Amino acid sequence: MLYQIHRYPAELIDVVRLAGGQRVVIRPVLPQDEGLTAAFFGNLPAPARYDRFMTPMRHLPPDLIKRFTNIDYARHLALVAELFEDGHETVVAEARYVRSGDSSVAEFAVSVADQWQGQGLASRLLSTLLCRASTAGVQRMVGETLATNDKMLHLARKAGFTITHSPDAHGVMLLEKTVEPAAQGTPCNDASAVFAAA
């Protein structure tokens, strides 16, 4: 499979101050983030990993970590939120979308470390994904989550997603949102207005 790497979208880099006052850098993932990504998912509690992947997963397999960090920024966009403390980087949240064979549809996912939830990180990351998708020709953003994942369901409702029961899998909810087109070059590093308008 030919995989073209597009230009790194540096315009998505942003520094935000959270509700708790901490400064966090939001940026597109890089290939050298394999260790940070593995540590982020490895440090999530087992129920949070189950909510994200909808299957028990103690550690992410190396090939999945590679797929999560070696992306093309066009069909697959991933963002991380990281904190710098004592000279160390720590990823505290992660969000991505992947366009399907029909490039007008993208599937999204968001994860936030437990101790960083409730500070607006998930909303901010999803806002940026929606904004970027709107400039990239994505017409529908879709996702799946467990019916018991109240935080994800709340986030999706807040962002204007419709939520329905999956006809194929008991206990799974389908999330879908029409993405309004935006002009190429629309700034997405302060996407809170996009989310608020949803």
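Note that the structure is predicted; figures quoted are calculated from it, not measured.

1. Some thoughts on the packing of aromatic side chains
Note on aromatic pairs: each is described by the distance of the centres and the angle between the planes. Enumeration over the complete set of coordinates arrives at six aromatic pairs. Between the aromatic rings of Tyr-8 and Tyr-73, the centroid separation amounts to 5.4 Å while the plane-to-plane angle is 85°, which identifies the pairing as edge-to-face. Of the two residues, Tyr-8 is situated in the segment before strand 1 (14-17) and Tyr-73 in the loop between helix 3 (62-69) and strand 3 (76-85); the sequence distance between them amounts to 65 residues. Judged by its relative accessible area of 22%, Tyr-8 is partly exposed.

2. Details of the pattern of salt bridges
Evaluated as defined, the whole model comprises ten salt bridges. Residues Arg-124 and Asp-14 are paired through a salt bridge, measuring 2.5 Å at the closest nitrogen-oxygen approach. Pair noted here: Arg-124 is in helix 4 (residues 121-135) and Asp-14 is in strand 1, with a separation of 110 residues, a long-range link. For Arg-124, a relative accessible area of 18% translates into the label buried. Here Arg-52 makes a salt bridge to Glu-94, at a shortest N to O gap of 2.5 Å. Here Arg-52 is found in helix 2 (residues 46-53), whereas its partner Glu-94 is found in strand 4 (residues 88-99), with 42 residues between them in sequence. On the accessibility criterion, Glu-94 (1% relative accessible area) is buried. Connected through shared salt-bridge partners, Arg-27, Asp-33, Glu-82 and Glu-89 make up one network.

3. Some words on the sheet that holds strand 3
Strand pairing within a sheet occurs via backbone hydrogen bonds; the two strands may be parallel or antiparallel. Taken in spatial order, the eight strands make up an open sheet running 1-2-3-4-5-6-8-7, and their pairing is mixed. The open sheet is flanked by strand 1 and strand 7 (162-165), the only strands paired with a single partner. Direction aside, neighbouring strands of the sheet carry axes that sit 25° apart on average. With respect to the sheet, helix 1 (residues 34-43) is in contact with strand 2 (23-28), strand 3, strand 4 and strand 5 (105-112), its orientation differing from that of strand 4 by roughly 90°.

Criteria and thresholds
- Residues numbered from 1 in each chain as written.
- Predicted model: local features only at pLDDT ≥ 70, side-chain atom pairs only at ≥ 80, totals over all residues.
- Heavy atoms only, no water.
- Phe/Tyr/Trp six-rings, centres within 6.5 Å; stacked < 30°, edge-to-face > 60°.
- Helix = DSSP H or I, 4+ residues; strand = E, 2+ residues; numbered from the N terminus.
- Buried < 20%, exposed > 50% of the residue type's maximum accessible area, 1.4 Å probe, protein only.
- Salt bridge = Lys/Arg side-chain N within 4 Å of Asp/Glu carboxyl O.
- Pairing = 2+ DSSP bridges.
- Axes fitted to C-alpha atoms, helices over the stretch in contact; angles between N-to-C directions.
- Contact = heavy atoms within 4.5 Å.

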